[in-house]
Amino acid sequence: MQDIRLEPSWKSRLQNEFAKTHMQALKAFLVNEKKLGKVIYPKGSEYFKALNLAPFEQVRVVILGQDPYHNPDQAHGLSFSVRPGVKIPPSLINIYKELEDDLAIAPVNHGCLEHWAQQGVLLLNSVLTVEHKQAASHQCRGWEQFTDRIIAELNEHKKHVVFILWGSYAQRKGKYIDHERHCVLKSVHPSPLSAYRGFVGSKPFSQTNNYLIQHNIKPIDWQLPTL
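Only a predicted model underlies this, so the values are computations on that prediction, with no experimental measurement involved. (Residues numbered from 1 in each chain as written. Predicted model: local features only at pLDDT ≥ 70, side-chain atom pairs only at ≥ 80, totals over all residues. Heavy atoms only, no water.)

Draft legend 1. Expanded view of the overall build of the protein. When its secondary structure is counted, the protein shows eight helices and six strands. Relative to the 2.2 N^0.38 estimate, which gives 17 Å for 227 residues, the radius of gyration of the protein is 17 Å and therefore close to what a compact globule would have. Each of the three principal axes of the protein carries a C-alpha extent, and together these read 50 × 35 × 30 Å. Counted over contacts in the protein with a minimum sequence separation of 6, partners at least 24 positions apart contribute 70%. Positive and negative side-chain charges in the protein, numbering 27 and 21 respectively, have mean positions lying 3 Å apart. (Helix = DSSP H or I, 4+ residues; strand = E, 2+ residues; numbered from the N terminus. Rg over C-alpha atoms; globule rule 2.2 N^0.38 Å. Contact = heavy atoms within 4.5 Å. Lys, Arg positive; Asp, Glu negative; His and termini not counted. Charge placed at Lys NZ, Arg CZ, Asp CG, Glu CD.)

Draft legend 2. Spatial organisation of the side chain of Gln119. Tracing the backbone shows Gln119 in the loop between helix 5 (114–117) and strand 3 (121–125). A polar atom in the side chain of Gln119 sits 2.8 Å from the backbone nitrogen of Asp221. Apart from residues no more than four positions distant in its own chain, Gln119 is found in contact with Gln58, Arg60, Ile220 and Asp221. (Polar contact = N/O pair within 3.5 Å; in protein donor to acceptor, adjacent residues only side chain to side chain.)

Encoded structure:
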């Protein structure tokens, strides 16, 4: 994975991670899967898109997902986001509904969240790749340790970051975040299977901006542009 571009502020903090055993094993696994003809999402140039769009110094918010979408043309390196022109997934539909209820921002006609990422919202999946049509197929291959390091860097070297943890998986992943140093917002996952058990009405977007403003940090413009 040395040939994959990584934004300089993140590269300086994560470079030594690539030499570790778990990342060497992950690289060998991905190379072998491709040799076997398996289709992997997202494409290699987008593995680190979340980091590339949100440099370390600019990160104000982290929205933690689990692993990429596994259907064609969906995943492009940002949690919960899909490429322009792709049908909006059910969880993201619920996120948009909550955004409208919370801040009166009407849903847009696409599911691309790059506008958030470009403002310092790190849309981070715990696992950064997946096999076509095989949900969670790349779990326990080394990505989890890598993204744990990302969270640790933010936790230790920044202050007043808002971590948005939807669902039990994200909440377990975030258990080492210092709640005194940062804001941690938790609710059930926005999936249709669980959204009405606590995600609906949780108002994460206004809570995020209120916290940032309280700490003299520029709030997020959650209004996505129409494409």
